[in-house]
Amino acid sequence: MKKLIFYLLLSNFTLLFFYADAQDVALGIRGGISIPNLTAGGSDQNPLNTGYSSRFGPDAGIYAEFKISKLFSLQPMLEFSSQGGKKDGLQAFPTPPQLAQMFQPNPAPTYLYANFNSEAKLNYLMLPILAKFGWNFGNSPFRIYLDAGPFLGYLVYAKQVTSGSSQYYTDPQGTQALPTGTQSFNNTQDLMSQLNKFNFGIEGNIGFAYKLGKGNVFIEGGGNYGFLNIQKGTANGKNETGAGTLAVGYSFWLSK
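Since we're looking at a predicted model, the values are computed, not measured. Along each chain, the written sequence defines residue order, and numbers are assigned to residues from 1. Only residues with pLDDT of at least 70 get local features here, since the model is predicted, and only at 80 or more are side-chain atom pairs given and counted; chain-wide, interface and lining totals rely on the full set of residues. Side-chain metrics in this entry use all non-hydrogen atoms of the structure; hydrogen atoms and water are not considered.

Moving on: the overall build of the chain. Only runs of H or I of at least four residues qualify as helices and only runs of E of at least two qualify as strands under DSSP, and these elements are numbered from the N terminus. When helices and strands are tallied, the chain shows two helices and eleven strands. Reading the secondary structure of the chain in the N-to-C direction produces α-β-β-β-α-β-β-β-β-β-β-β-β. Should any heavy atoms of two residues lie within 4.5 Å, those residues are counted as being in contact. By sequence separation, contacts in the chain at least 24 residues apart represent 71% of the contacts at least 6 residues apart. In this description, accessible areas are obtained by the Shrake-Rupley approach with a 1.4 Å probe, and a residue is regarded as covered only by the protein chains that are shown. Of the accessible surface of the chain, which amounts to about 13,200 Å², a share of 62% is contributed by carbon and sulfur atoms.

See below:
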């Protein structure tokens, strides 16, 4: 995968220098926040892969913009994107093997419940290729734009961080406690081996830019959504990931 990223970046920079003398080219940087969440994939839903809410994380990118006309340009980008989701409060977790014997001779339940905090922290390197349409406000320095296109994502970090303490319960309402006493849920688990490394999906933004000499400052909001289920297996269900984003940035034209 490192070779693939290298070749993709090399091809982008080769295109940059190839077109630099032929048309307008801009380099840009952007940074802001990502507000991701996890969505249960398809009909494969259970107490583990449902009930997530949004978390917050960083989002940043560097890009090249190739101007085709006054209204249209192409924008390849290398983006760091925070993904994942969180759950706070009473939630399910797989029944630990050491507790299964407590239910004999009856079979142990698939899930137990407890009151704790859980956050899935996933970070991706993404390579979106965006088609960008923009319009100026007459002769003013202001410009509005829309962009959208596909992305390829590669998982670089995945951890499940839990915290808090609680009794174990056999019901999702938290009324039937097991005689185990209060248990700690402070733990960090590496999820890299459980998740698919690759994802692909679509990204889009709407933004406003202000011209400053040969450069532009801008603010934009948008989002991304991955089409593939992130888990390798089905034991914990399937999830798809996506995020809303808000970013500010600056770009400058190399030739104009």
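Having seen the model, we can carry on.
What follows is about the pairing of strand E10 (residues 215-226). A pair of strands counts as paired when DSSP detects no fewer than two bridges linking them. Pairing of strand E9 (residues 198-212) with E10 involves twelve bridges; the strand directions are antiparallel. Bridging across to E10, Phe-208 finds its partner in Ile-219. In textbook terms, the turn of a hairpin is the stretch between consecutive antiparallel strands, and for E9 and E10 this stretch comprises two residues, one of which, Gly-213, has a positive phi near 65°. Sheet topology note: the E10/strand E11 (residues 239-253) ladder contains eleven bridges and is antiparallel.

Our next topic: the packing of aromatic side chains. Ring pairs are drawn from Phe, Tyr and Trp, using the six-membered ring of Trp, whenever the two centres fall within 6.5 Å, and their geometry is named by plane angle: stacked under 30 degrees, edge-to-face over 60, tilted for the rest. Overall, the coordinates contain eleven aromatic pairs when judged by the stated rule. Here Phe-72 and Phe-133 contribute two aromatic rings whose centre-to-centre distance is 5.0 Å and whose plane-to-plane angle is 45°, an arrangement assigned as tilted. In this pair, Phe-72 is assigned in strand E3 (residues 72-94) and Phe-133 in strand E4 (residues 111-136), connecting sequence segments 61 residues apart. Residue Phe-72 is classed as partly exposed on the basis of its relative accessible area of 24%. Exposed residues in this analysis have more than 50% of their type's maximum accessible area, buried residues have under 20%, and partly exposed residues fall in between, with area computed by a 1.4 Å probe over protein chains only. Judged by its relative accessible area of 39%, Phe-133 is partly exposed. Centroid distance Phe-93 to Tyr-168: 5.4 Å. Interplanar angle 50°. Geometry classified as tilted. In this pair, Phe-93 sits in strand E3 while Tyr-168 sits in the loop between strand E6 (165-166) and strand E7 (183-184), placing the two residues 75 residues apart along the sequence. Given a relative accessible area of 11%, Phe-93 falls into the buried group. Owing to a relative accessible area of 12%, Tyr-168 belongs among the buried residues under this scheme. A network of ring pairs unites the aromatic residues Phe-93, Phe-116, Tyr-168 and Phe-185 as a single cluster.

Right, let's get into the nonpolar core. Of all hydrophobic cores here, the largest spans 13 residues; its most connected members are Leu-38, Leu-122, Tyr-124, Leu-155, Ala-158, Leu-195 and Ile-230. Of all the secondary structure elements, the ones that give two or more residues to this core are E4 and strand E5 (142-163). Here this core takes four residues from E4, the largest share from any one element. What Ala-158 contacts, discounting residues up to four positions off in sequence, is Lys-121, Leu-122, Gln-189, Asp-190, Leu-191, Met-192 and Leu-195. Counting nine residues, the second largest nonpolar core, distinct from the first, contains Phe-93, Leu-99, Leu-112 and Tyr-168. To define a nonpolar core, start from buried Ala, Val, Leu, Ile, Met, Phe, Trp, Tyr and Cys residues and group those joined through side-chain atoms within 4.5 Å.

Time to look at unusual backbone geometry. The bulk of non-glycine residues show a negative phi, and the bulk of peptide bonds are trans. Note the cis peptide between Gln-104 and Pro-105, where omega equals 5°. Here Pro-105 shows up in the loop between helix H2 (97-100) and E4.

Where E3 and E4 come together, 21 bridges link them in antiparallel fashion. The partner of Pro-94 across the bridge, within E4, is Tyr-111. Once E4 ends, the chain turns through five residues before running back antiparallel as E5, passing Gly-138 with a positive phi of about 60°.

So, about the side chain of Asp-171. Position of Asp-171 among the secondary structure elements: in the loop between E6 and E7. In terms of polar contacts, Asp-171 uses its side chain to reach the side chain of Thr-175, at 2.7 Å. In this view, Asp-171 contacts Tyr-113 and Gln-176; residues no more than four positions away in its chain are not counted. Any N or O atom pair separated by 3.5 Å or less is treated as a polar contact, with the protein-specific requirement of one donor-capable and one acceptor-capable atom, and with residues adjacent in sequence counted only for side-chain atom pairs.

Let us look at the pattern of salt bridges. In the sections that follow, a salt bridge refers to a side-chain nitrogen of Lys or Arg positioned within 4 Å of a carboxyl oxygen of Asp or Glu. One pass over the structure, following the stated rule, counts seven salt bridges. Arg-30 serves as the salt-bridge partner of Glu-220, at 2.7 Å between the closest nitrogen and oxygen. With Glu-220 in strand E10 and Arg-30 in strand E1 (residues 25-40), this residue pair connects regions lying 190 residues apart in the sequence. With a relative accessible area of 4%, Glu-220 lands in the buried category. With a relative accessible area of 4%, Arg-30 lands in the buried category. The partner of Asp-190 in a salt bridge is Lys-159, and the shortest N-O contact between them spans 3.5 Å. In this pair, Asp-190 is assigned in strand E8 (residues 187-190) and Lys-159 in strand E5, connecting sequence segments 31 residues apart. Residue Asp-190 is classed as partly exposed on the basis of its relative accessible area of 43%.

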